[in-house]
Structures are given as structure tokens and as C-alpha cells.
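Structural characterization, general
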Amino acid sequence: MSELPPSDVQSCNSTTQNLAEPIRYIPADGKEKVEGGMALCLSGGGYRAMLFHTGVLLRLNDLTILSGLKRISSVSGGSITSGVLATRWKYLKFEAGRATNLEELLVGPIRNLASRTIDWPSVILGLLWFGGVGGRIANQYRKYLFGEATLQDIPSNPRFIFNATGVQSGVLCRFSQPYMWDYRIGKIEQPKIPLAIAIAASSAFPPFLSPMTIDLKNSTFVKDSGTDLDAAKFQERLVLTDGGVYDNLGVETAWKRFDTILVSDAGGSYEAEASPHRDWGRHTLRTLFTIDNQVRSLRRRQIVGAFRAKPPIKKGSFWSIASDFSTGFGVPSPLPCPIQQTEELAKVSTRLGRLPDELQMRLINWGYAACDISVRKFLLTAASPPLAFPYPKVGV
């Protein structure tokens, strides 16, 4: 897999040598509007990402960061985890900045889903009967995670944003409690879209789980809220695909707003192939993975470059499921993360297919440890080390 060199992860406060000039994201009015506060970005990567990010949330809670987040922006597998957190947020019991019941409310539902295969059955049924593949995936999310919850049943603070990619417009379509918005097509305020539908759109990985179509004929768009596609032929329905097609780290809707950004990357592993398949189907998949890998690599370099600029463009921390944290980066008492074992976890399939219990626990542990080392290295240098993994008996 093409990864950042170790120096890019380790040296967020050093110079930007050998890095492209990081991109500054400027709003349409040309003024850079940055708020104080912290945002968390969760990448895609199927069940693998869903479980890795679960461990991340557990560690951020222990560090009392979770309670202070202003925005959680996600795509694909990260949106599944974020959606579960969003629907349980009002039930969290915070004491001294830490939710005492987070594990109880978050981990059980996620592991229950991770014990079921929902992708191939949805593909087969979606092709044979009405409802489409996306609708079948949404039904599984509804059944096992979200029930009949809509975007109006999640908090506005912190703001949860689930990102999909507009196939019509070629830009992000963001789903949140205050609004859903494709900036070219237009904005709908206080949308009552089922949460299961929004997250199915965010995780509609092409070609098998894509596209996801949402009927908006009875919805009212805010006047003049689209730049150039605010016409009936675009606003009657949205045709969407995986949010990672446009922004595979989920940073776009957070980067331009907040001064401190945490990025958790559980994205796909890209392996070299001496004899890649040449039939159209598998060659197309290989090409899609190549494009995803390149875009992800560019965004990583922009993020780390912004952290390393003099003066820094952003504060924050980045960690990847493929990072080598075996040395602990010099933080006190890091959890043991042998590279041979974490490399295995980085290669786990990104399908929405059943994972064995031990593998689920290892992925959660790895997210917990990777987040801990990176955050204590670059943000909270005085924070106490963790006592143990969430699942001490299995490690990573």
C-alpha cells in the first residue's frame, strides 16, 4: 500500500520539505472563516473502518476529547460508526467530560452488525426485486442499528455530517440535522430523511452498492441555495454514491471550519500486483482502487503538510490503520502494536461481510491504540496512558 513515509506521521511540527504546498480551503466568498474548536473525520473502509473507528471513539472518550467535539464528519464505513454514536448521543452520561456508558451504547450494536453479512444478500435481492441494492442496505441499517430515526433525531451539537457523492453534480452531498445540501443543486432545511437512507448513501460503494436514489419530489429546497443546478430536473431526486468517491477521508466539511482536526484513516490497503486481471470487471475494480489510493494519498499529504507548515495552517493529528506505531513514537507506556499484526488488520476486507469475533476485537483495539499514540504525541502530551486495550486478552 502506498503510505506516508514515517516522517510524515511523526513530525507534524517540523518543516514541509518534500511535501506539496498544502491546499487552503477557502469558502465561496473568498474569506477564510475558521472557528476555534475540534472536529473529527472518519474515513471509509466497510466493516473494517466501522470497527477501527469504534476503538478510536472509545479512546477519545477516555481522553475527554469526545465530549468537546464540535463536528464529526464521516464517509462510508465511518458513517456507520458515527451514525450509531449520533443516535445514542442523548443517552450518554457524561461525568468530568467522559461518557461512562459509551461502550455499552456503542460497541454492542456495531459488533452485532459486524457479525452479519449484508452486502451480497442486498446485491442479489436488489437486482431481483424492487427497491434496489441501496434500499436493501438501508433496510439492514434500519433493522440492526437505526430503526425509524431520521436526521431530526440526531444532535445539532455536536454536528454529525454524513457525506455522500452526488452522481449528478459531481460534488459532496452532506446530510446533517440542520440541513442536507449539495451546493450545486440546493439545500433542504430540517430534512426528515431516514438516517438509514443517509448512511446507505454515504456507504454506497461502487459498483455493487451504488447508486442510492432519494426521491425529493415532496421536499422544499431553499431558494437560490444551489449555485448552478437548482432546477427541477436535478431537485426531484438525488442520485448518490459513496462519500469516499469525492472525499475518502471525510475532511472536506470540517477542514474549512475548525482550527483543530483529527483524522482517522481506516481506508483500503493497496497491494502491488505483478499480473493484474485484464477482464473488464476485475480490471475496472483494480482501476477504481488505484484512483481511490491516489486521491487518499494526496489528501493525506495535504493534511500532514498543513500540520507541519511554519506557522501551522491547522492543529491536529492524523493516524492510519496502516501506520507503523510499533515503536510507540516515544509516548509514555504505549500499548503494544507489533507491525506484523497491525499489517494483517490493514489488509482485512472492506466488505460489509461478517467478521469473526476475535478479529472484531483486534480491530477495535487497534483503533484505540493508534488514536492514543497519535493524540498523546501531538495534542495531549501530558495525558495519562491507557491501562489496557478494550479487549486485553486479544491485543492487536
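Quantities reported herein were computed from a predicted structural model and do not represent experimental measurements. (Residues numbered from 1 in each chain as written. Predicted model: local features only at pLDDT ≥ 70, side-chain atom pairs only at ≥ 80, totals over all residues. Heavy atoms only, no water.)

To continue, consider the packing of aromatic side chains. What describes a pair of aromatic rings is the distance from one ring centre to the other and the angle between the planes of the rings. Under the counting rule described, the total for this entry stands at nine aromatic pairs. Seen in terms of ring centroids, W89 and F160 are 6.1 Å apart; in terms of plane orientation they differ by 70°. Their pairing is edge-to-face. Here the residue W89 occupies a position in the loop between helix 3 (77–88) and strand 3 (94–95), and F160 occupies one in strand 5 (residues 159–166), the gap between them amounting to 71 residues. Under the relative-accessibility criterion, F160 is labelled buried at 0%. Aromatic pair Y141 and F146: ring centres 6.4 Å apart, planes at 70°, arrangement edge-to-face. (Phe/Tyr/Trp six-rings, centres within 6.5 Å; stacked < 30°, edge-to-face > 60°. Helix = DSSP H or I, 4+ residues; strand = E, 2+ residues; numbered from the N terminus. Buried < 20%, exposed > 50% of the residue type's maximum accessible area, 1.4 Å probe, protein only.)

Let's shift gears to the nonpolar core. L85, Y141, F175 and W366 are the most contacted members of the largest nonpolar core, which totals 96 residues. Broken down by element, the residue count for this core peaks at 11 residues, all from helix 12 (residues 357–378). Other than its neighbours up to four places away in sequence, F175 contacts L151, F160, I161, F162, A164, M180, I193, A198, A201, I214 and L240. L249, A254, I261 and F307 belong to the second-largest nonpolar core, a separate cluster that totals 16 residues. (Core = buried A, V, L, I, M, F, W, Y, C linked by side-chain atoms within 4.5 Å. Contact = heavy atoms within 4.5 Å.)

It is at 10 Å that the axes of helix 3 and helix 4 (residues 102–114) come closest, and there the two elements cross at 140°. Comparing the axis directions of helix 3 and helix 4 gives the class oblique. As helix 3 packs across helix 4, the resulting crossing turns out to be right-handed. Residue-level contacts link I80, T81, V84, L85 and R88 of helix 3 to L102, L105, L106, P109, I110 and L113 of helix 4. (Axes fitted to C-alpha atoms, helices over the stretch in contact; angles between N-to-C directions. Parallel < 35°, antiparallel > 145°, perpendicular 65-115°, else oblique. Left-handed = near helix turned anticlockwise from the far one by under 90°.)

Quick look at a nonpolar patch on the surface now. On the surface, I124, L125, L127, L128 and W129 cluster together to form a nonpolar patch covering roughly 570 Å² of accessible area. Residue placement: L125 occurs in helix 5 (residues 119–128). We classify L125 as partly exposed; its relative accessible area is 34%. (Patch = residues over 30% accessible without salt bridge, like charges linked within 9 Å, V, L, I, M, F, W, Y side chains within 5 Å. Areas by Shrake-Rupley, 256 points an atom, 1.4 Å probe, with all protein chains shown as cover. Salt bridge = Lys/Arg side-chain N within 4 Å of Asp/Glu carboxyl O.)

Turning our eyes to something else, we now look at the pattern of salt bridges. Counted by the stated rule, this structure contains 11 salt bridges. Between R98 and D62 there is a salt bridge, with its nearest N and O atoms 3.1 Å apart. With R98 in strand 4 (residues 98–99) and D62 in helix 2 (residues 46–62), this pair connects stretches of sequence that are 36 residues apart. Taking the shortest distance from any N to any O, the salt bridge between D228 and R184 comes out at 2.7 Å. A residue pair is termed long-range when its members are at least 10 positions apart, and D228 in the loop between strand 9 (212–215) and helix 8 (232–235) and R184 in the loop between strand 7 (179–182) and strand 8 (186–189) qualify at 44 residues. Classification of D228 by relative accessible area gives partly exposed; the value is 44%. R184 gets classed as partly exposed once you look at its relative accessible area, which sits at 23%.

What follows concerns the side chain of N163. Tracing the backbone shows N163 in strand 5. Exposure remark for N163: the relative accessible area of 0% places this residue in the buried category.

A few words now on the packing of helix 2 against helix 4. Running from N to C, helix 2 and helix 4 point in directions that differ by 170°, and their axes come no closer than 10 Å. Looking at the two axes, helix 2 sits roughly antiparallel to helix 4. Contacts from Y47, M50, L51, T54, L57, L58 and N61 in helix 2 reach L102, E103, L106, V107, I110, R111, L113 and A114 in helix 4. For the contact of helix 2 with helix 4, the per-class residue count stands at 11 nonpolar, two polar and two charged. (Nonpolar A, V, L, I, M, F, W, Y, C, P; charged D, E, K, R; others polar.)

This paragraph deals with the pairing of strand 8. Judged from the four bridges that link them, strand 7 and strand 8 form a sheet pairing that is antiparallel. Each bridged residue has a counterpart across the sheet, and for M180 the counterpart in strand 8 is I188. The hairpin turn running from strand 7 into strand 8, its antiparallel successor, is three residues long. (Pairing = 2+ DSSP bridges.)

On to unusual backbone geometry. In this structure, P158 follows N157 across a cis peptide bond, with omega equal to 0°. In this fold, P158 is placed in the loop between helix 6 (132–146) and strand 5. Of note, the bond from K310 into P311 is cis; its omega dihedral lies within 30 degrees of zero at -5°. Assignment of secondary structure puts P311 in the loop between helix 10 (280–308) and strand 12 (315–320). If you check the backbone angles, D224 has positive phi at about 60° while not being a glycine. Position of D224 relative to the elements: it lies in the loop between strand 9 and helix 8. A relative accessible area of 61% means that D224 is categorised as exposed. Phi is positive for S333, which is not a glycine, with a value near 50°.

Between the first and last C-alpha of helix 6 there are 20 Å, a value that for 15 residues agrees with the 21 Å anticipated at 1.5 Å per step. Of all the residues in helix 6, the buried ones are V133, G134, G135, I137, A138, Y141, Y144, L145 and F146. Those residues of helix 6 hidden inside the fold are in contact with helix 3, helix 4, helix 5, helix 7 (195–202) and strand 9. Phi turns positive, to about 55°, at G147, one or two residues after helix 6. (Expected span 1.5 Å × (residues − 1).)

Our next topic: the pairing of strand 5. Of all eight residues making up strand 5, seven are buried, and the element is well covered by its neighbours. As paired strands, strand 2 (residues 71–75) and strand 5 are joined by five bridges and run parallel to one another. Following the sheet pairing, R71 is matched in strand 5 by R159. Bridge count for strand 5 against strand 6 (residues 172–175) is four bridges, and the pairing is antiparallel. Residue A164 lies in a different strand from strand 6, and its bridge partner there is C173. Here strand 5 runs beside strand 10 (residues 237–242); their pairing, made up of three bridges, is antiparallel. In the strand pairing of strand 10, A164 is matched with D242.

All we've got here are geometric facts, nothing functional implied.
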